[in-house]
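Summary of the model geometry
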Amino acid sequence: MKYIRITGYVLISIFFVLGLSIFILNKYLNKTIIKSVKTHIYESTNHEYILNLDALNVDFFSQSIEATNLVIEPYQKEKPIKKYFVFKVKSLKINDFSIINYIKERKISIYDVDFMEPELFVYLGSENVKEKNSNSNSKKNDSLIKSITINQIYIKNLKFNVLNNNAEEIPIFNSITNNLNLENINVDLSKIKISEIIAFDKFEIIMENFKCNIGNDSLYTIKSKKLYIDYNKSVMIFDSLKLIPNYNKNDFAKRAGRQTSRLEAMLSEIIISNINYKLLIEKQKLSIHKIELNNCNLDVYRDNRLPLAKIIRPSIQSMIKSIPFLISIDTIEMKNSKIAFEAIHPHSFSTGKISINDFEVTVTGVQNDSCLISENQSVEALASGYIMNKGKFNLKYYFPLKFTKEHFYCSGSLSTMPFSTFNSIIIPVKNLQARSGVIDSLNFSFIAEEKHAYGTMKFKYHDLKIDVLNKLNNKNGLNQKLKSLLANNFKIFESNPQIGGKLRISKIEINHNPYRFFLNYSIQSILSGIEPAILNDKKNK
């Protein structure tokens, strides 16, 4: 009994000493880890960010670390850097942490990391504040972490917000359900290149139900059901993307303070494939093989009664070259799309409408790296569709990249369709309507330059008859019937070619309105060739 009692005292003493040692070791590790991590974050961010937390607990037996109310934020809040972030998490738990490996070699080995209620805020800050340049010659601290190995990081339900500044309440970008999954992460802090510092077998981001206010005047909101990003598969997919105007048709242009087009769009899917993420990280160059836009419904509304802002609109080439980073996109495709145009003519209060169905477009050769652009290189676009489900059109564009100002080539065709199809757009603009007539074919080509466009058009049609309408009520009264009779007999050609006559080839000639974009320039150029093909004017025979 005596030996048993002595043995019990010895075991109790051993457990007490062991427990006290573990307690002291935990306290030591807590302070060591906190100090090391804080120092590393402060040093690695060029003294711009600091780490704060309420508590840190190291469990020696389970080899786990748990931090509560962890915050990474700028060191000087009163003088924030140009763009900065704040990361918060209620609880962060690191499982199977190799403590011995960390103490001996400053290498961190972790099985997985759990996050509870994570939040990320990105503040764009002031444009006048310059970001600090990193000091590559700063003295290295040998006590800092040398490498990190993590089997898995899974961040669930991350709240993500982008704001202009920390006083703003409504975020520019907001998503409350975001999942991030990384597997087999290896971080070697002795390397220089980012692509060499971090390596992983899997990197997935799923962002659900996000919305983003775009533009300085917040005229639009973008919403999407889901955004999926896979680094390893080099893909990005938007599910059910919507462009939503923040104001109705009557208030939109007034809010903008100028004449502008109001766009409302819905795409079932956008697939961006073969994204070179490595090149984007290392060289800040975005290289994409293909962008697919599927099942787009686009509604365009424009109130032309408002004054047109005297703003020189950039060319396609200028917009591509002004992108603030290098970009290369092999192909952009839009399929199975519908476009509805609605416009109010400046001198009438009626609305003209026209729609395009089965619209498809393919754009190739988008590039802004001047070192790779050859003399003859162009952005090319092919488009096709059906006007009001009737006539099929085909368009071909070339935008030579050696130019910065407006300069492009356009050619196209239109198949057979009734003239009356265009009544919905002609009546509000011209107070005319096509009573009868068939377009047999239309073929054209022109060059659009900075000052003017010029080209030729072959417009074949037959049996055209028009009605002149009353400007007030669009009705065909006695006076209008007389004008219609004169117009059909003396003002217009009934057919092209006339019976037994030659095909009249009309000229495309128009001055460029620099305050409208290239699409308006194209439409006005085509219209300039249609009118002389129809009018019975000796100047245009």
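Everything discussed here concerns the structure shown above.
First, a word on scope: everything that follows refers to the structure included in this document. Just so we're clear, the structure is a prediction, and the values are computed from it rather than from any experiment.

1. Some words on the overall build of the chain
Secondary structure summary: the chain contains nine helices and 24 strands in total. Per-residue burial for the chain yields a buried fraction of 39% across its 541 residues. When contacts within the chain are restricted to residue pairs at least 6 apart in sequence, those whose partners lie at least 24 apart make up 62%.

2. Observations concerning unusual backbone geometry
Put simply, N496 and P497 share a cis peptide bond, and its omega is 5°. In this fold, P497 is placed in the loop between helix 8 (478–491) and strand 24 (505–511). Although it is not a glycine, N295 adopts a positive phi angle of roughly 55°. Along the chain, the position of N295 falls in strand 15 (residues 285–303). Classification of N295 by relative accessible area gives partly exposed; the value is 36%. At D358, a position not held by glycine, the phi torsion is positive, near 50°. For D358, the position within the fold is in strand 17 (residues 351–367). Overall, D358 belongs to the partly exposed group, its relative accessible area being 47%.

3. Here's the deal with the environment of S268
Looking at where S268 falls in the secondary structure, it is placed in strand 14 (residues 261–275). C-alpha of S268 to C-alpha of C296: the two residues are 28 residues apart in sequence and 6.7 Å apart in space. Not counting chain neighbours up to four residues away, the residues in contact with S268 comprise F238, D239, S240, N294 and N295. Here the side chain of S268 touches N295 through a polar contact of 3.0 Å, side chain to side chain.

4. Side note on a nonpolar patch on the surface
A surface patch of nonpolar side chains, about 430 Å² in accessible area, is lined by L482, L485, L486 and F490. Checked against the element boundaries, F490 lands in helix 8.

5. Points about empty space enclosed by the protein
Taken as a whole, this structure holds one cavity of 30 Å³ or more when the rule is applied. In this structure, the largest cavity occupies an estimated 30 Å³ of space. Considering the residues around the largest cavity, the lining is formed by K249, F252, A253, T260, R262, Y301, R302 and D303. Listing elements by their share of the lining of the largest cavity, those giving two or more residues are helix 4 (249–256) and strand 15. Of the residues assigned to the lining of the largest cavity, the class counts are three nonpolar, one polar and four charged.

About the cut-offs
- Residues numbered from 1 in each chain as written.
- Predicted model: local features only at pLDDT ≥ 70, side-chain atom pairs only at ≥ 80, totals over all residues.
- Heavy atoms only, no water.
- Helix = DSSP H or I, 4+ residues; strand = E, 2+ residues; numbered from the N terminus.
- Buried < 20%, exposed > 50% of the residue type's maximum accessible area, 1.4 Å probe, protein only.
- Contact = heavy atoms within 4.5 Å.
- Polar contact = N/O pair within 3.5 Å; in protein donor to acceptor, adjacent residues only side chain to side chain.
- Patch = residues over 30% accessible without salt bridge, like charges linked within 9 Å, V, L, I, M, F, W, Y side chains within 5 Å.
- Areas by Shrake-Rupley, 256 points an atom, 1.4 Å probe, with all protein chains shown as cover.
- Salt bridge = Lys/Arg side-chain N within 4 Å of Asp/Glu carboxyl O.
- 1 Å grid on protein atoms, 1.4 Å probe; cavity = no way out; pocket = protein on both sides within 12 Å on 5 of 7 lines; lining within 4 Å.
- Points joined across faces, edges and corners; volume = space filled by probe spheres on them.
- Nonpolar A, V, L, I, M, F, W, Y, C, P; charged D, E, K, R; others polar.

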